[in-house]
There are 2 protein chains.
Amino acid sequence: MSTAWVAEVVVMPKVGVNDPQGEAILGGLHDLGYRSVNRVRAGKLFRLEFSAENEAAARTVVTELSDKLLANPVIEEFAIESLVAQMEQVR
Amino acid sequence: MSTAWVAEVVVMPKVGVNDPQGEAILGGLHDLGYRSVNRVRAGKLFRLEFSAENEAAARTVVTELSDKLLANPVIEEFAIESLVAQMEQVR
């Protein structure tokens with residue numbers, strides 16, 4: 001029997017890596033008149049629902065799959081923003 | 001004189017709206033052997049640096065520009081995940 005978990009993983013471009021999407025958004029904001037904005041970084045957020053026996057196993061699997069599939073470790077860094085056990089039990 | 005702020009805005013597909021990116025990632029995870037994952041939702045996270053006179057003005061501008069540019073209100077919803085004043089003052 002294992003527990004249901006919800007994890008949120010944030011993937012952002014590494015410091016120093018170009019972020020063309022963020023720059024395009026910054027340009028768009030300036031065009032719209034939002035001159036007070038001086039920097040935009042664009043990243044991704046993934047919400048995962050999965051089952052694992054305990055919190056250590058849950059954290060291990062989220063770290064693994066973030067590193068393998070969600071983030072490109074050459075240009076991006078990821079962080080597990082939250083990891084929460086759901087109340088119901090799943091088989 | 002105004003204060004420097006950093007805001008994080010999360011944009012997610014609305015409940016009930018198809019999320020092809022999340023489904024593709026779920027398929028990829030299953031292919032990699034992560035069968036314990038049963039749902040993935042893929043969203044975006046934007047980190048904005050800007051100036052505003054006070055917290056109310058900062059919140060107003062972030063809400064406005066999220067609604068106008070960062071999110072497509074037909075299929076996406078946004079949330080201001082954090083809004084933090086920086087220590088230094090900017091002119």
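1. Observations regarding the interface of chain B and chain A
As a measure of interface size, the accessible area lost when the parts come together is often cited. Taken together, the contact between chain B and chain A spans 30 residues of the former and 30 residues of the latter. With both sides pooled, the region where chain B packs onto chain A buries about 2800 Å², and carbon together with sulfur makes up 63% of that total. On the chain B side of the contact with chain A, Tyr-34, Leu-45 and Glu-49 of chain B bury the most area, a combined 21% of that side's loss. Linking chain B with chain A are two salt bridges. For Glu-49 of chain A, the salt bridge identified is with Arg-39 of chain B, shortest N-O distance 3.4 Å. Applying the counting criterion to the chain B and chain A interface returns 14 residue pairs in polar contact (both at pLDDT 80 or more). Only strand S1 (2-13), helix H1 (20-31), strand S2 (37-52) and helix H2 (55-70) of chain B provide two or more residues apiece to the side of chain B that touches chain A. Split into classes, the residues belonging to the side of chain B that touches chain A amount to 17 nonpolar, six polar and seven charged.

2. Remarks on the confidence of the model for chain A
All names here are of chain A. For chain A, mean pLDDT is 94; residues scoring 70 or higher make up 95% of the total. Per-residue pLDDT, averaged within each element of chain A, yields its smallest value for strand S3 (residues 76-90) (86) and its largest for strand S2 (residues 37-52) (98). Interface predicted TM-score (ipTM) for the complex: 0.88; the corresponding pTM is 0.90.

3. Notes on the side chain of Arg-41 of chain B
Its location among the elements puts Arg-41 of chain B in strand S2. Here Arg-41 of chain B sits buried without a salt bridge, and the closest side chain of opposite charge, Asp-19 of chain B, lies 4.3 Å off (N-O distance). A polar side-chain atom of Arg-41 of chain B sits 2.9 Å from the main-chain carbonyl oxygen of Lys-14 of chain B. The contacts of Arg-41 of chain B, once residues within four sequence positions are left out, are Leu-45, Phe-46 and Arg-47 of chain A together with Met-12, Pro-13, Lys-14, Val-15, Gly-16, Val-17 and Asp-19 of chain B.

4. Some thoughts on the relation of the copies chain B and chain A
Taken as rigid bodies, chain B and chain A are interconverted by a rotation of 180° and an axial shift of 0.0 Å, the fit giving an RMSD of 0.0 Å. The transformation just described matches what one would write down for a two-fold rotation axis. Minimal C-alpha separation from the rotation axis in chain B is found for Lys-44 of chain B, amounting to 2.1 Å. Of all interface residues in chain B, 100% are interface residues in chain A too; the two copies therefore contact each other through one and the same surface.

5. Considerations on H2 of chain B
Residues and elements named next belong to chain B. Every buried residue belonging to H2 is among Ala-58, Val-61, Val-62, Leu-65, Ser-66 and Leu-70, and all of these are buried. Down the axis, H2 shows its buried residues gathered within 130° of arc, on one side only. Among the exposed residues of H2, those oriented more than 90 degrees off its buried face are Ala-56 and Lys-68. Looking at where H2 begins, the residue whose side-chain oxygen comes 3.2 Å from the main-chain nitrogen of Ala-56 is Asn-54.

6. Here's the deal with the packing of helix H1 (residues 20-31) of chain A against H2 of chain B
Where H1 of chain A contacts H2 of chain B, the two axes come as close as 11 Å, and the packing angle between them is 110°. Relative to H2 of chain B, the element H1 of chain A lies roughly perpendicular. Considering the relative orientation of H1 of chain A and H2 of chain B, their crossing is right-handed. Contacts between H1 of chain A and H2 of chain B involve Ile-25, Gly-28 and Leu-29 of chain A from the former and Leu-65, Leu-69 and Leu-70 of chain B from the latter.

Rules behind the numbers
- Counting of residues starts from 1 at the beginning of each chain's written sequence and follows it residue by residue.
- Here chains are named by letter from A upward and ligands by number from 1 upward, in the order in which they appear as written.
- Residues qualify for local features only when their pLDDT is at least 70, as the model is predicted, and side-chain atom pairs are given and counted only at 80 or more; totals for whole chains, interfaces and linings, by contrast, use all residues.
- In computing side-chain values, all of the structure's heavy atoms are included and hydrogens and water are not.
- Throughout, a contact is declared for two residues whenever any of their heavy atoms are within 4.5 Å.
- Buried area, as used here, totals the accessible surface that two parts lose on assembly, with accessibility defined by a 1.4 Å probe and the loss added over both.
- Each salt bridge in this description consists of a side-chain nitrogen of Lys or Arg and a carboxyl oxygen of Asp or Glu lying within 4 Å of one another.
- Any pair of nitrogen or oxygen atoms within 3.5 Å is treated as a polar contact; in protein, a donor-acceptor pairing is required on top of that, and neighbouring residues in sequence qualify only through side-chain atoms on both sides.
- Helix numbering and strand numbering both begin at the N terminus, where a helix is a DSSP run of H or I of at least 4 residues and a strand a DSSP run of E of at least 2.
- Residues are grouped as follows: Ala, Val, Leu, Ile, Met, Phe, Trp, Tyr, Cys and Pro are nonpolar; Asp, Glu, Lys and Arg are charged; all remaining types, including Gly, are polar.
- You can read pLDDT as the predictor saying how much it trusts each residue, on a scale of 0 to 100.
- Accessibility here uses a 1.4 Å probe with only protein chains present; expressed as a share of the type maximum, an area under 20% marks a residue as buried, one over 50% as exposed, and anything in between as partly exposed.
- The positive count covers Lys and Arg only, the negative count covers Asp and Glu only, and His and the chain ends enter neither.
- In this comparison the copies share one frame, found by least squares on the C-alpha atoms of residues holding pLDDT of at least 70 in both.
- Here the arc refers to the directions that run from the helix axis out to each C-beta atom.
- Lines fitted to C-alpha atoms define the axes here, with helix axes fitted over just the stretch in contact, and angles between the N-to-C directions of these axes take values from 0 to 180 degrees.
- Reported orientations rely on four angle classes, namely roughly parallel under 35 degrees, roughly antiparallel over 145, roughly perpendicular from 65 to 115, and oblique for the rest.
- The crossing is said to be left-handed when, going from far helix to near helix, the turn is anticlockwise and less than a right angle, and right-handed when the turn is clockwise.

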